Every structure is written in structure tokens, then in C-alpha cells.
Amino acid sequence: MMRLSFHGANRGVTGSCHLLELDGLKVLVDCGLFQGGREIDEENAAEFGFDPREIDILLLTHAHLDHCGRIPLLVKRGFTGEIIATPATRELARVILLDAAHLQEEEAERNARKAKRRGKRAEAPLYGELDALNAMDLFGRRAHYEQPLDLATGVTATFYDAGHILGSASIRLSYRDGDQDKAIIFSGDIGSSDRPMLRDPHVPPAAETVVMETTYGDRDHKPLGPSIEEFYEAINETMARGGNVIIPTFALERAQELLYHLREGVESGTLPRTLQVFLDSPMAISATEIFRHHPEGYDEEAQALFAQDIDPFWLPGVHFTRETADSMALNRLSGGAVIMAGSGMCTGGRVRHHLRHNLWKREASVIFVGFAAPGTLARRIIDSGKQEDKKAQVRLFGDDIPVNAHIYTINGFSAHADRDELLAWHGAIKPERTILVHGEEKAMEAFAEALHGTKVLMPEQGEYIDL
């Protein structure tokens, strides 16, 4: 008997977590953080919906926080099984999880000071750095693309390059059902084709069942070329006004891709050679170093650059700011700087400080180049920038900050496949059953309507499906 249950990213985009039970074997695919408004904290701290002590194996599709961010909590609550991921995902997950643990400990400390002043009891962080380190101890076998791994007798897992971020994978589980060989595929997050640096997604072989993401299931992306032009134009316009450019940046893939395009812009003369770019994210800096270690994940163009000893992430005016003091010094820059900082959805990290110092300035710009989940500060700023009365404001560090800066939303940089690419990926597999996850309900329903010749399911949180 095989049974699937769903414990995250059900009719929502974050918190991916799916449990497969097959003849006594319990395999968890991803264990991510829910991201969004303050109410999400309670959702992350809630029970998983299963006993972590009973999970045998955790298969990790990639290292984004909404796919791996609750692994330390899983371990803290009793998981002792094996975690399997690609070599790049393993390295990136270490950076991501330690950073998440550090931020949670810092936030818990701030909240404890506030609670003490109010005479209330302080709450412990979701998990700490020790929990993250304990989780890393459970990473076992390394999954190499298209090389099957035995999970149990008659059950194998094969990872296929998903083209989403470095090390990302779609996972195909094959098993025996009576006298028949069958398979189920977990898509993970599927990347967009023809991107710089990374290879295009590799579609796994056919399977009876697919558990599939639908982040952009209801729309197509703007082509990359015009998006790059719009990106350069936004920077040049801001430089002409004498303002700073703030780019809320995801540390994995997006930061490296933007450095790649900034280098190309300077080399081509589209951007000024004197442009000063600050990557103000210790995690993104560490991730960039890991990207340099794994050229096996790059496409032919990026591999050719490395072969010529050209660093695709370096340009004359780039500065990596690891130290807090150096980050704080950036707030004294009145204009002329491009500041890339996390987090991409502005839910934490250094970008919030840069927004506080620049969002109210009419000469400044904020460029969003990634998905902004409902309830996040990024989404509120984007929505504020659309208001015609220009009296919009957002709350930061207890203050109401006017949104006077120019707000750009450039969707062509998405690391996710768009509607047409998702349909092509699905069509190559031709599953009998398609289970849609990891998408806002509107996008999920629109994508479901476009599917034909397959039984479509859209599970609720905690729902079980017997296969």
C-alpha cells in the first residue's frame, strides 16, 4: 500500500513538506519553513502532522528555506533518519540553516527583552544553531543526477536536475506494486529554461503520479532579454537622479544571477564602469563561493567563462560586505550605490535597514526581481507603489515609512518555470494522476484547468491520499 500526506505548501507557496508511506517505509520529501505574515510563526511552531521519530529518510529537493527551513526543528523533535541531497544542496543547506537559526536566536533575544519590560515570559526560538548543526550530521549519501539510490528493497530514488537553483532536483521514486514497476515524481521547484549560468531542467522519465509545483501556473514570464534591459534602465535612471538602488535579494541563485548580469552590463558599457555594487549579505557571499565550487551545474556558456579564468560574479566596483559595521556604513551613502541584501521577501535580514534609510527618498529606487508572497513586507511595498495618491507607507522597526522611492517589479528574472514551461514539463511525463502543490490557490486552479488526460488533485493541509 502507498499513501501520500501533505504537510505544507498545500494551496500555498511556502512550507513544502510531503510524506510518502510505502510498505512500512516512511519517506519525507522536503521540510520547509512557512513564510509570510506574523501569524506564520505559529504555523511553523505547530506539530508536523506526523511523528518525526517515525520518518526513515528525508529527500531534499533543494536548499531554499521554504523547502529545508524546518529540518532542524524536525531533528529537534526526534528525527534521526538519513537526509539525502545533491552535493551542492548539502553545502548550500548548511549556510541557509545556520543563518536561519542565527536570525531566530537574535529575534528571540530581542523579543525576550521586550517581554521582560512588560513582565511577560519570553518564548524560545523555533530552533538554534546547535539544532542546525545536529541536522547537518544527518546528511548521509550524496545524490548525483540520474544515478539511482536504493532506499529499501525494491524502492529507489533518482534525482534529476530541476534547473531552479544550483543543486536543485526533481525526484523520481520507483517501486514495485505487485508484479508491476511504478513510479511517483516530486517535481520540487522547476526552473525556467534558457537562463544564464544553470542548465535547463531535465525532465524525469514517465511516472503514474506526479506531485507538482504551480508557483506560476496561471501566467507566463516576460522574456529575459527585455527584463535585463528594464533592469539596466532602472539602475541608470536612479543613478541619474542621484539615488541608491535597493534590491531585496534571495541569497541563492538570484544574487549570483544579478551579479552575472551586472558584470555583463558594465563590460558592454550599458552600465557605468564606475558603478558601485554592494552585496550586503553574508549568506549570499558564502553561497557565491559555493557556486564557484560547483561548475558541474552550469550551462555551456558559464562553463566557458570559467575555462577562460573569468569569474562570472566579479565586476570592478563590486564589494562584499560581511561585517555588520560595514553594512551600517552603507546607510551613510546618499546616492550612487546598488545595494543587494536579503531577504528577498524583506521578511528579515539587512535589507530592512536599507529600506528604512532609502524608501522615503524620491530619488531612490527599490527593484524587486523575485516572488513576493502575500503578507510579506515585499508584497506590501509593491502594492503601496501602485497607489495613485502616493501617500502609501509601510511599518518598519516601529516607524511608519512613506513609500516615496520608485518601485520596480521585474518578473522576467524568476527562477521558476512559467505556465507554458510547466505544461511542457508535465506533458513530457504524461502522468495518470497529478497532485498540485506549492502555489497560490488562484494559480493552482488555473493550472488545473489547463491539464488534460490526467486526474488532478489539490490536497488540503494534512490531507491523506491512498494510491
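Draft legend 1. Highlighting the overall build of the chain. A count of helical and extended segments in the chain gives 14 helices and 22 strands. Compactness check: the chain gives a C-alpha radius of gyration of 22 Å against a globular reference of 23 Å for 467 residues, within 12% of the reference. Referenced to the eigenvectors of the C-alpha coordinate spread, the extents of the chain come out at roughly 70 × 60 × 45 Å. Burial analysis of the chain (467 residues in total) assigns 55% to the buried set. Pairs at least 24 apart in sequence give 73% of the contacts found in the chain among residues at least 6 apart.

Draft legend 2. Region of the structure containing the side chain of N358. Structurally, N358 is set in helix α11 (residues 351-358). In this structure N358 comes out as buried when scored by relative accessible area, which is 3%. For N358, the contacting residues outside a window of four places in its chain are N244, I246, A364 and A405.

Draft legend 3. Structural context of the pattern of salt bridges. Counted by the stated rule, this structure contains 25 salt bridges. In this structure, D280 engages R350 in a salt bridge whose closest nitrogen and oxygen atoms are separated by 2.6 Å. Of this pair, D280 sits in the loop between β13 (276-279) and α8 (282-293) while R350 sits in the loop between β15 (337-341) and α11; the two residues are 70 residues apart in sequence, bridging distant segments of the chain. Using a relative accessible area of 0% as the deciding quantity, one classes D280 as buried. Residue R350 is classed as buried on the basis of its relative accessible area of 16%. Here the residues in one salt-bridge network are R3, E21, K26 and E54, joined through shared partners.

Draft legend 4. Up close: the environment of M283. Summarising the element assignment, M283 is placed in helix α8. Separated by 183 residues in sequence, M283 and A100 place their C-alpha atoms 9.9 Å apart. In this structure M283 touches V95, I96, D99 and A251, once residues within four positions along its chain are discounted.

Draft legend 5. Seen up close, helix α14 (residues 441-450). When we look at burial in α14, the residues that qualify are A443, M444, F447, A448 and A450. One side of α14 carries all its buried residues, which in axial view fall inside an arc of 155°. In α14, the exposed positions that point more than 90 degrees away from the buried face belong to K442 and E449. On its buried side, α14 packs onto β11 (209-213), α13 (419-429), β20 (433-437) and β21 (455-457).

Draft legend 6. Representation of the sheet that holds strand β10 (residues 180-186). With mixed pairing, 7 strands are arranged side by side in an open sheet as β7-β8-β9-β10-β11-β20-β21. The two strands at the open ends of the sheet, each matched to only one other strand, are β7 (149-152) and β21. When the angles between neighbouring strand axes are averaged without regard to direction, this sheet yields 25°. Pairing geometry for strand β9 (residues 169-177) and β10, over 7 bridges, is antiparallel. Across the sheet, R172 pairs through a bridge with I185, a residue of β10. Across the sheet, α13 touches β9, β10, β11 and β20, and the angle it forms with β11 is around 170°. Lying over the sheet, α14 contacts β11, β20 and β21, oriented at roughly 160° with respect to β20.

Draft legend 7. Examining the side chain of T249 more closely. With respect to the helices and strands, the residue T249 is situated in the loop between β12 (245-248) and α7 (254-268). Judged by its relative accessible area of 4%, T249 is buried. Here I247 takes part through its backbone oxygen, which lies 2.6 Å from a polar atom of the side chain of T249.

Draft legend 8. Region of interest: a positive patch on the surface. Taken together, R110, K114, R117, R118 and K120 make up a surface patch of like positive charges. Along the polypeptide, R110 turns up in helix α4 (residues 87-117). On the accessibility criterion, R110 (41% relative accessible area) is partly exposed.

Draft legend 9. Representation of the environment of F50 within the structure. Inspection of the secondary structure assignment puts F50 in the loop between α1 (40-45) and β4 (57-59). Residue classification places F50 among the buried residues on the basis of a relative accessible area of 12%. In this structure, the C-alpha to C-alpha distance between F50 and S5, residues 45 residues apart in sequence, is 9.3 Å. When sequence neighbours within four positions are dropped, the list of residues in contact with F50 reads H7, C17, L19, L28, I55 and L74.

Draft legend 10. View of the sheet that holds strand β3 (residues 25-29). Reading across from one edge, β6-β5-β4-β3-β2-β1-β22 is the order of the 7 strands in this open sheet, with mixed pairing throughout. Every other strand in the sheet has two partners, leaving β6 (139-142) and β22 (464-466) as the edge strands with one partner each. Direction aside, the axes of adjacent strands within the sheet are offset by 25° on average. Relative to β22, strand β1 (residues 2-6) runs antiparallel, the two being bridged by 3 bridges. Residue pairing for β22: S5 is matched across the bridge by Y464. Here α4 sits on the sheet in contact with β5 (82-85) and β6, set at roughly 155° to β6.

Draft legend 11. Seen up close, the packing of aromatic side chains. Tallied over the full model, the rule gives 4 aromatic pairs. Ring plane angle 40° and centroid distance 6.2 Å describe the contact between F231 and Y232, whose orientation is recorded as tilted. Consider the rings of F291 and F313, whose centres lie 6.3 Å apart with planes at 85°: the pair is edge-to-face. Here F313 lies in the loop between α9 (300-307) and β14 (318-320) and F291 lies in helix α8, a separation of 22 residues in the sequence. Assessed through its relative accessible area of 0%, F291 is described here as buried. Within the aromatic cluster, the residues linked to one another by ring pairs are F231, Y232 and F413. Above the ring of Y260, the side-chain terminus of R263 is found at 4.9 Å from the ring centroid. The side chain of R352 reaches across the aromatic face of F397, ending 5.7 Å from its centre.

Rules and cut-offs
Residues numbered from 1 in each chain as written. Predicted model: local features only at pLDDT ≥ 70, side-chain atom pairs only at ≥ 80, totals over all residues. Heavy atoms only, no water. Helix = DSSP H or I, 4+ residues; strand = E, 2+ residues; numbered from the N terminus. Rg over C-alpha atoms; globule rule 2.2 N^0.38 Å. Buried < 20%, exposed > 50% of the residue type's maximum accessible area, 1.4 Å probe, protein only. Contact = heavy atoms within 4.5 Å. Salt bridge = Lys/Arg side-chain N within 4 Å of Asp/Glu carboxyl O. Arc of directions from axis to C-beta. Pairing = 2+ DSSP bridges. Axes fitted to C-alpha atoms, helices over the stretch in contact; angles between N-to-C directions. Polar contact = N/O pair within 3.5 Å; in protein donor to acceptor, adjacent residues only side chain to side chain. Patch = residues over 30% accessible without salt bridge, like charges linked within 9 Å, V, L, I, M, F, W, Y side chains within 5 Å. Areas by Shrake-Rupley, 256 points an atom, 1.4 Å probe, with all protein chains shown as cover. Lys, Arg positive; Asp, Glu negative; His and termini not counted. Charge placed at Lys NZ, Arg CZ, Asp CG, Glu CD. Phe/Tyr/Trp six-rings, centres within 6.5 Å; stacked < 30°, edge-to-face > 60°. Lys NZ or Arg CZ within 6 Å of the ring centre and 35° of its normal.

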